[in-house]
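An overview of the molecular structure
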Amino acid sequence: MADRLYTSLETDEIISALRAYSKLDKAIIARMAFSFSLVNAGKNVSRSTNFSGGEMKRPSFVANDEVLLRTLISQVYQIEDIDENEFYSNKSIIKDHVDNGAHLLWLIFKKNGEDINRWYSEIIAAIQLSGAKTVKTKDLDIFIGRNILLNTDLIMHLNDTTKHANSHLAIMGKPGVGKTQFLLKILADIRQQSDYQTNFIFFDYKGDVVDNDTFIDVTRCRTYKLLQNNEFLPISPFILLDYNDQDIQLSAREKAESFASINSKLGVVQKGALTEAIVAGYAARSGSDKPFPDFNDILQIASSNYEDEGKNDDSLIEVLRDLANFNLFWSHSSVIPPMDKISNRSMIIDVHKMPVLKELVGYLVIERLYKEMASLPDSPIKDGRRTLRTILVIDEAHNYLGQKNIFLQKIIREGRSKGIVVFFASQSPADYQQKFFNFQELLEFSFIFQCEGASSASIQDILGCSPKTAKDLQPEIARLEPFQVISRSEIKTEEFSKFVAEAFYKNF
């Protein structure tokens, strides 16, 4: 039985460097490397043939977890018995994954600007084997502020199915009145009260949340600053549950409709050309370990088709070129593998530097979330409390609500049973009543900060109050002080509640 192995020279240098930054023990970093590689590379990991690094003794690495390590390897490799050479030696599965994982960890460390806290957050979020964690239902009772007239605490019972039909939420008000601070307070409380089991995907349209280090630390989320420091989303919009012809055709048509709903210049001809290019992209990657295209593939195929047909570049080629050249999503040239799931991650996607494609990036991520949601079992309910898996947070939502995003509509309609929730932040109550879809009807929680020009009809619909009350509230809403809020009342005899909202910066 081998009692030691030798890492590669590169691995030894990486572990030493990460130890200096993180103050973690070398054995812990080695185990992180092993876990990260096991999850992301699996049995396709490359064989390591360099043994000129540091010595790693078996008791230090394995400790008291040999049964667990063997079980994890057996699960990934689909083998029942692992002999000693395969388990721990210079020719072992563990050595291969330690060396491969160390290289991946270092790439992530560099990508995060050598910020050890952000590096650590991304690694922890990534090392999750399916079924490894049992989700427990939590009571999400969030303190949101104090009633101005009654001077009483207001508690939002977010996941109480005996009181609320769903957990969708909207915060509306003009800039600078406190709605973002209120939103961050709610999200931070949810993360802590759920023991970090409830995740969120936050579209930061203004770029004022992604640089809030306190919020990032408190919520343990990962940030993706698109078009900054070569950062990209390690997400592939083209991953499917099954790669049969029917699913590929359906996905290609859905992508074409998504593009057309965002860009009015894409007509029937462009949609057909995009569908054809996407289908061809899947065919070109068929049989590989990652049988799905990236935007570089689609651009190359579409451009080639245009050239063969003697067509000039148009708005479709322009959009595809932007998606490929801006390096917004995962590509086959990426060293980091694509996320297998996004519903189990907490992340802020910063799009404020993007001159174009903000809505399209959101559309593609929302589509991916919906596809994952559709495959999930119903979220468990215990004592009337439903487990919330993921919150989709859309800042400056008026930029999205006007788009005919069928996947956002489906998440709003179908997400309740799956534990998928949508939080909106926008500027006016009128934003939620679109001609093609009435979002307001499915909002269980609505909070109105100071708004100018809010119609009495939209106030009535949001609060569910009488026409007279809505008309009386119009001037009051226009004069609200920062952090003052009008919302529905949980007291049946009252048509609305007025309170002072809690701010994130006062609580954390």
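Just so you know, these numbers come straight off a predicted model, no measurement behind them. (Residues numbered from 1 in each chain as written. Predicted model: local features only at pLDDT ≥ 70, side-chain atom pairs only at ≥ 80, totals over all residues. Heavy atoms only, no water.)

This part covers the packing of aromatic side chains. Per the stated rule, a full pass over the model turns up 23 aromatic pairs. Judged by centre distance (5.0 Å) and plane angle (65°), the rings of Phe-238 and Phe-295 are edge-to-face. With Phe-238 in the loop between strand S7 (222-225) and helix H10 (245-262) and Phe-295 in helix H12 (residues 295-308), the pair connects residues that are 57 residues apart, well separated along the chain. In this pair, the class of Phe-238 matches that of Phe-295, namely buried. Ring pairing ties together the aromatic residues Phe-238, Tyr-243, Tyr-282, Phe-292, Phe-295, Phe-329 and Trp-330, which thus form one cluster. Here Arg-220 stacks its cationic end above the ring of Tyr-196, 3.9 Å away from the centre of that ring. Positioned above the aromatic ring of Tyr-205 is the side chain of Lys-358, whose terminal nitrogen or guanidinium carbon lies 5.7 Å from the ring centre. (Phe/Tyr/Trp six-rings, centres within 6.5 Å; stacked < 30°, edge-to-face > 60°. Helix = DSSP H or I, 4+ residues; strand = E, 2+ residues; numbered from the N terminus. Buried < 20%, exposed > 50% of the residue type's maximum accessible area, 1.4 Å probe, protein only. Lys NZ or Arg CZ within 6 Å of the ring centre and 35° of its normal.)

Strand residues, when the strand is regular, have side chains that alternate between the two faces of the sheet. With burial as the criterion, each face of S7 is covered, one bearing Arg-222 and Tyr-224 and the other bearing Thr-223 and Lys-225. Looking at chain direction, S7 and strand S8 (residues 347-350) are connected through four bridges and run parallel. The partner of Arg-222 across the bridge, within S8, is Met-347. (Pairing = 2+ DSSP bridges.)

Phi is positive for Gln-78, which is not a glycine, with a value near 55°. With respect to the secondary-structure elements, Gln-78 resides in the loop between helix H4 (66-77) and helix H5 (84-87). Backbone geometry places Asn-229, a non-glycine residue, at a positive phi of 55°. On the secondary structure map, Asn-229 appears in the loop between S7 and H10. Judged by relative accessible area, Asn-229 falls into the exposed class, the value being 66%.

Another point: empty space enclosed by the protein. Applying the stated rule across the entire model yields six cavities of 30 Å³ or more. Within this model, the second largest cavity holds a volume of roughly 70 Å³. What lines the second largest cavity is Asp-294, Phe-295, Asn-296, Leu-323, Ala-324, Asn-327, Leu-328, Phe-329, Trp-330 and Ser-331. For the lining of the second largest cavity, the secondary structure elements donating two or more residues are H12 and helix H13 (315-325). (1 Å grid on protein atoms, 1.4 Å probe; cavity = no way out; pocket = protein on both sides within 12 Å on 5 of 7 lines; lining within 4 Å. Points joined across faces, edges and corners; volume = space filled by probe spheres on them.)

Before going further, it helps to spend a moment on the side chain of Asp-350. Position of Asp-350 relative to the elements: it lies in strand S8. A distance of 2.7 Å separates polar atoms of two side chains, one belonging to Asp-350 and the other to His-352. Sequence-distant contacts of Asp-350, that is, excluding residues within four places in its chain, are made with Asp-204, Gly-207, Val-210, Tyr-224, Lys-225, Leu-226 and Gln-228. (Polar contact = N/O pair within 3.5 Å; in protein donor to acceptor, adjacent residues only side chain to side chain. Contact = heavy atoms within 4.5 Å.)

Quick look at the environment of Phe-295 now. Since its relative accessible area comes to 5%, Phe-295 is described here as buried. Separated by 147 residues in sequence, Phe-295 and Ile-148 place their C-alpha atoms 53 Å apart. With near-sequence residues (within four places) excluded, Phe-295 lies in contact with Pro-237, Phe-238, Phe-259, Leu-320, Leu-323, Ala-324, Phe-329 and Leu-364.

The tally for this structure, following the rule as stated, stands at 34 salt bridges. The closest approach of N and O atoms between Glu-84 and Arg-58, which form a salt bridge, is 2.8 Å. Note that Glu-84 is positioned in helix H5 and Arg-58 in helix H3 (residues 58-62), a separation of 26 residues in sequence. Between Lys-206 and Asp-208 there is a salt bridge, with the nearest N and O atoms lying 3.9 Å from each other. (Salt bridge = Lys/Arg side-chain N within 4 Å of Asp/Glu carboxyl O.)

For helix H16 (residues 406-418), built from 13 residues, the straight-helix expectation of 18 Å at 1.5 Å per residue is met to within 8% by its first-to-last C-alpha distance of 17 Å. Residue Ile-412 marks the point of greatest curvature in H16, where the axis turns by about 45°. For H16, the set of buried residues is Phe-407, Leu-408, Gln-409, Ile-411, Ile-412, Gly-415 and Lys-418. Against the buried residues of H16 lie H10, helix H14 (358-375), strand S11 (390-394) and strand S12 (420-426). The N-terminus of H16 is capped by Asn-405, whose side-chain oxygen sits 3.0 Å from the backbone nitrogen of Phe-407. Looking at the residues trailing H16, positive phi occurs at Gly-419, about 75°. (Expected span 1.5 Å × (residues − 1). Bend = angle between axes of the 7 residues up to and from the residue.)

On to the side chain of Ser-446. Turning to its location among the elements, Ser-446 is positioned in strand S13 (residues 445-448). Sequence-distant contacts of Ser-446, defined by excluding residues within four places in its chain, comprise Ala-170, Met-172, Ile-462, Ile-486, Ser-487 and Arg-488.

The next thing to look at is the layout of surface pockets. Its volume calculated, the second largest pocket comes out at about 470 Å³. Forming the boundary of the second largest pocket are 22 residues, of which His-164, Ser-487, Arg-488, Ser-489 and Glu-490 lie nearest the centre. If you list the elements that add at least two residues to the lining of the second largest pocket, you get strand S3 (141-147), strand S4 (153-157), S13 and strand S15 (497-501). Of all the elements, S4 adds the most residues to the lining of the second largest pocket, at four residues. Classifying every residue of the lining of the second largest pocket by side-chain character gives nine nonpolar, seven polar and six charged. (Nonpolar A, V, L, I, M, F, W, Y, C, P; charged D, E, K, R; others polar.)

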